[in-house]
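# Structural overview for review
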Amino acid sequence: MPALPASPPADAAAPELSLAHYTGPLLTRDTGAALLDAAMRGDAAWQGSLDLGRATAEAALDTDTWQWRGQRYPYPGKLKERTVYWWDGEEFAPVARFSGSLIKLVPTEWGAPTFEIDGIKMLPTAKESPFEDARRKVALIEPRGKSVLDTCGGLGYFAACCLDAGAARIQSFEKNDDVLWLRTLNPWSPDPEAPEHGGRLQLAHADVSEAIAQIADASVDALLHDPPRFGIAGELYSQAFYDQLARVLRRGGRLFHYTGSPNRLTSGRDVPREVAKRLEKAGFKAQLALDGVLATRR
């Protein structure tokens, strides 16, 4: 059985954090229904994706169970839409946790999932895959051969795109241990221990607003900053933090700062332009780009 522990109840003690990646099947409502339909037709096998669109697999079908990668599983019961399920050793359970906030992995039509915190979607998915969205943003900092600081790792899509683009080293931080747990179950999230990455990705469970003080001056060639929205993590939009970003980035280095496009009519603020002004004060030349700010260290 897969080694990862089941998600604990809300009042249970938090388990020791493990970053070992899950290798069992992942089901959505559509894949679960397709498996059941094939079994009900009497098919001997079913072909489809059991890793959220990363690859096509074949499962052997029997009357009461199905088999994949040498492991037998029961057919799932009724699965909910907008939910990813993993085998926790006893049943297919939602990839979700509640520890103050409900954090869950959410499938998309593009394959690569997004995630939600208390129902708020953390990655854009309306027009393209969140993975491809990350690729466009990463391209702005031209990471090939560079040392990259990824301040708020999330599901790791920025880091994965940096690896694909040939970055020499990616130093990534993620504060939320439940988000790190989601990464271990998401096949689109890069595994720092995967041999093909050659140790280029270092992932730390830490608050970058504190950890950045330990990063040496001008030791980073490029920066990616994808913080939670301002109302949740205002410290990551502060002048003091932007001063730290300027300190660790070498002259000429590029920064992409995701801001999203908050509605000024409802929020009363123009967050992208506020960010650009603070970055200018910190020592950057800044301009609006995509759904954020692209800045160069002067």
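Below is a summary of the structure that appears in this document. The model shown is predicted, which means the values in this text are computed figures rather than measured ones.

Conventions used here
Residues numbered from 1 in each chain as written. Predicted model: local features only at pLDDT ≥ 70, side-chain atom pairs only at ≥ 80, totals over all residues. Heavy atoms only, no water. Pairing = 2+ DSSP bridges. Helix = DSSP H or I, 4+ residues; strand = E, 2+ residues; numbered from the N terminus. Axes fitted to C-alpha atoms, helices over the stretch in contact; angles between N-to-C directions. Contact = heavy atoms within 4.5 Å. Phe/Tyr/Trp six-rings, centres within 6.5 Å; stacked < 30°, edge-to-face > 60°. Buried < 20%, exposed > 50% of the residue type's maximum accessible area, 1.4 Å probe, protein only. Core = buried A, V, L, I, M, F, W, Y, C linked by side-chain atoms within 4.5 Å.

### Some thoughts on the sheet that holds strand E4 (residues 65–68)
Here we have four strands laid out as an open sheet, ordered E2-E3-E4-E5, and antiparallel in their pairing. At either margin of the open sheet sits one strand with a lone partner, and together these are strand E2 (45–48) and strand E5 (71–74). Averaged over all pairs of adjacent strands, the angle between strand axes in this sheet comes to 30°, irrespective of strand direction. Taken strand by strand, helix H1 (residues 29–41) contacts E2, strand E3 (57–61) and E4, and its axis lies near 45° from that of E3.

### What to know about unusual backbone geometry
Of note in this structure, Asp118 is not a glycine but carries a positive phi near 50°. Relative to the helices and strands, Asp118 resides in the loop between strand E10 (114–117) and strand E11 (120–121). Located in the positive-phi region is Glu142, a residue other than glycine, with phi close to 50°. Here Glu142 shows up in the loop between helix H2 (130–139) and strand E12 (147–150).

### Notes on the sheet that holds strand E1 (residues 26–27)
For sheets, the rule is that strands pair by backbone hydrogen bonds, running either parallel or antiparallel. With respect to topology, three strands assemble into an open sheet ordered E1-E6-E7, the strand pairing being antiparallel. Looking at which strands have only one partner, the edges of the open sheet turn out to be E1 and strand E7 (92–94). Judged from the three bridges that link them, strand E6 (residues 85–87) and E7 form a sheet pairing that is antiparallel. Residue pairing for E7: Tyr85 is matched across the bridge by Pro94.

### Considering the packing of aromatic side chains
The final tally for this structure, using the stated rule, is 10 aromatic pairs. Seen in terms of ring centroids, Tyr22 and Trp86 are 5.5 Å apart; in terms of plane orientation they differ by 90°. Their pairing is edge-to-face. One end of the pair, Tyr22, is in the segment before E1; the other, Trp86, is in strand E6, with 64 residues separating them in the sequence. An identical accessibility class is assigned to Tyr22 and Trp86; each is buried. The structure contains a cluster of three or more aromatic residues connected by ring pairs, namely Trp66, Tyr73, Trp87 and Phe92.

### Here we look at the nonpolar core
Residues Trp66 and Val95 are the most contacted members of the largest nonpolar core, which totals 53 residues. With seven residues, helix H3 (residues 157–164) is the single largest residue contributor to this core. When neighbours within four sequence positions are excluded, Val95 is seen to be in contact with Leu26, Val84, Tyr85, Trp86, Ile103, Lys104, Leu105, Trp181, Leu182 and Leu185. Cys152, Val208, Ala211 and Val271 belong to the second largest nonpolar core, which has 28 residues in total.

Everything listed here is a matter of coordinates, which is why it stays silent on function.
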